[in-house]
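Geometric and topological summary
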Number of protein chains: 2
Amino acid sequence: MPAPERTSLEAILAAGTELLEADGPAGLTMQAVAGRVGVRAPSLYKRVRNRRALIALVAASALDELEMRLREGRPVAGSGGGDEETVIEPIAELARLAHTLRAFAHERPAAYRLVFAPGEESGLEVERLRAASAPLIEVAAALAGPDRALDAARTLTAWATGFIGMELAGAFRLGGDVDRAFAFGIERLGAAIAS
Amino acid sequence: MPAPERTSLEAILAAGTELLEADGPAGLTMQAVAGRVGVRAPSLYKRVRNRRALIALVAASALDELEMRLREGRPVAGSGGGDEETVIEPIAELARLAHTLRAFAHERPAAYRLVFAPGEESGLEVERLRAASAPLIEVAAALAGPDRALDAARTLTAWATGFIGMELAGAFRLGGDVDRAFAFGIERLGAAIAS
DNA sequence: ACCTGAACACCGTTCAAGT
DNA sequence: ACCTGAACACCGTTCAAGT
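Definitions and cut-offs
Residues numbered from 1 in each chain as written. Chains lettered and ligands numbered in written order. Predicted model: local features only at pLDDT ≥ 70, side-chain atom pairs only at ≥ 80, totals over all residues. Heavy atoms only, no water. Axes fitted to C-alpha atoms, helices over the stretch in contact; angles between N-to-C directions. Helix = DSSP H or I, 4+ residues; strand = E, 2+ residues; numbered from the N terminus. Parallel < 35°, antiparallel > 145°, perpendicular 65-115°, else oblique. Left-handed = near helix turned anticlockwise from the far one by under 90°. Contact = heavy atoms within 4.5 Å. Buried < 20%, exposed > 50% of the residue type's maximum accessible area, 1.4 Å probe, protein only. Buried area = accessible area lost by both parts, 1.4 Å probe. Salt bridge = Lys/Arg side-chain N within 4 Å of Asp/Glu carboxyl O. Polar contact = N/O pair within 3.5 Å; in protein donor to acceptor, adjacent residues only side chain to side chain. Least-squares fit on C-alpha atoms with pLDDT ≥ 70 in both. Phe/Tyr/Trp six-rings, centres within 6.5 Å; stacked < 30°, edge-to-face > 60°. Lys NZ or Arg CZ within 6 Å of the ring centre and 35° of its normal.

**As for the packing of helix α10 (residues 178-194) of chain A against helix α9 (residues 149-168) of chain B**
- Two elements in contact, α10 of chain A and α9 of chain B, have axes separated by 9 Å at closest approach and are oriented at 65°. What the angle tells us is that α10 of chain A and α9 of chain B run roughly perpendicular. The handedness of the crossing between α10 of chain A and α9 of chain B is right-handed. Within the contact between the two elements, α10 of chain A uses Arg180, Ala181, Phe184 and Gly185 of chain A and α9 of chain B uses Asp151, Ala152, Arg154 and Thr155 of chain B.

**Brief notes about the environment of isoleucine 12 of chain B**
Residue and element names in this part refer to chain B.
- Structurally, isoleucine 12 is set in helix α1 (residues 9-23).
- Judged by relative accessible area, isoleucine 12 falls into the buried class, the value being 1%.
- As a C-alpha pair, isoleucine 12 and glutamate 120 span 108 residues in sequence and 22 Å in three-dimensional space.
- Filtering out sequence-adjacent residues up to four positions away, isoleucine 12 remains in contact with Thr7, Val33, Val37, Leu44, Arg47 and Leu54.

**Focus: the interface of chain B and chain A**
- Facing 39 residues of chain B, the contacting portion of chain A comprises 38 residues.
- Between chain B and chain A, the buried area comes to about 3,400 Å², and carbon and sulfur atoms account for 62% of it.
- Among the residues chain B hides against chain A, the three largest losses belong to Pro118, Arg154 and Phe184 of chain B. Together they make up 19% of the total.
- For the interface between chain B and chain A, the tally reads two salt bridges.
- Across the salt bridge formed by arginine 180 of chain A and aspartate 151 of chain B, the nearest N and O atoms sit 2.9 Å from each other.
- The tally of links from chain B across to chain A stands at six residue pairs in polar contact (both at pLDDT 80 or more).
- Counting residues per element, the ones that place at least two in the side of chain B that touches chain A are α7 (126-132), α9 and α10 (178-194) of chain B.

**Regarding the relation of the copies chain B and chain A**
- Under the fitted operation, chain B is carried onto chain A by 0.0 Å of movement along the axis and a turn of 180°, and the coordinates agree to an RMSD of 0.0 Å. Each copy turns onto its partner about a two-fold axis.
- A shared interface surface links the copies, since 97% of the contact residues of chain B are contact residues in chain A too.

**Structural notes on the pattern of salt bridges**
All names here are of chain A.
- Under the criterion given, the structure shown has 28 salt bridges over all chains.
- The salt bridge involving glutamate 67 is made with arginine 71; its shortest N-O contact spans 2.8 Å. Taken as a pair, glutamate 67 and arginine 71 lie in helix α4 (residues 51-71) at a separation of four residues, close to a single helical turn.
- Of the residues examined, glutamate 67 reaches a relative accessible area of 13% and is grouped as buried.
- Of the residues examined, arginine 71 reaches a relative accessible area of 33% and is grouped as partly exposed.

**What about the side chain of arginine 69 of chain A?**
Residue and element names in this part refer to chain A.
- Along the chain, arginine 69 turns up in helix α4.
- Looking at arginine 69, the relative accessible area reads 19%, which means it is buried.
- The contact partners of arginine 69, leaving out residues within four places of it in the chain, are Arg96, Thr100, Phe104 and Glu107.

**Section: the packing of aromatic side chains**
All names here are of chain A.
- Across all of its chains, the model carries ten aromatic pairs over all chains by this definition.
- Residues tryptophan 159 and phenylalanine 163 carry aromatic rings whose centres are separated by 5.7 Å and whose planes lie at 50° to one another, so their mutual orientation is tilted. In this pair, tryptophan 159 and phenylalanine 163 are both assigned in helix α9 (residues 149-168), four residues apart and thus about one turn of the helix distant.
- Here tryptophan 159 falls in the buried class, since its relative accessible area comes to 2%.
- Chaining the aromatic ring pairs together yields one cluster made of Trp159, Phe163, Phe172 and Phe182.
- One cation-aromatic arrangement involves arginine 102 over phenylalanine 182; the distance from NZ or CZ to the ring centre is 4.9 Å.

What follows is the structure, given as structure tokens:
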């Protein structure tokens, strides 16, 4: 006697994403997710290995969304079949990427933290993160040249994630214009990398 | 009938610190701490409000230790009563601070993550963190001038904590010389801030 | 004055039993 | 084939009862 499906992986993922943002990682419990999709907690294990796997799923989908935004509106590789990229104005592109990342962090702080948390809670593979940051690596290469591209990209991502992490932690609550400090960092780093 | 004290706040703090480093935040349970100090879990509540407070204690003591190291070997204010500081070679001092921070992170990664995690798990007040980073703010002022000191200090701390966070997360596992990338960042940022 | 066992409210997870 | 209640092993935390 088959039983009808009362929920779906998509619904579970959506519920997990909402709960993470609303109540933090601690609020993302199997019982809360189950309640949100109208099922009992044990049923979740039909679609998801365990809580860790569900959190990894939430992190992965957040990273997908972020990567899409980073690629959006970006100069694309020549459609004529050539493998050369036409990156125009790398400094402007760097600024766009940085602001896109920061906007995502403001919009979905808990998801951002999950993705960029130093630690293994997100369950994201490093390789996946690196693939998502390809746009930044390209800008770094355009700015610093192929030899220094890796060091430059690391410097840029380190600064950006560090800055946003501090901002989310409330480290900038005490005075000063945070937007200005972010612009300051982009400008100075861009110049430093290019030099 | 008074009962003899079978443990102490110091022992509890030490046990918490050890457990955090050995088993991560999830391993820092009241039962594990109690077991380590030779007592039952409920007894801990005589010395500590709850688990969160204990974690905050661990974070605070780690920050104390880090601050000590950052101040160690640093040029001090003139002992003649003047209020002018004699910071010699700000670039070298910046490098020393950055390497001290990174060495601490390598030595006590879990404690480092707890202190610098974006979020409120550490229970640290922002003001306390800012006080601990005073040495860096001084270097930033020496390099960038008083007007830009705050922006410069934020750029530096953002980069350093971002870099180390990525390193601890294993983001640099794939090729490249991490030490060189760190040195690259110090050099370029120092120059960028000073310009 | 501190320590303890017992209890409570929560977790995540497994599994036999239902449909 | 999916869903469920019951059960288990763990948490943090409270509290009356011991010494």
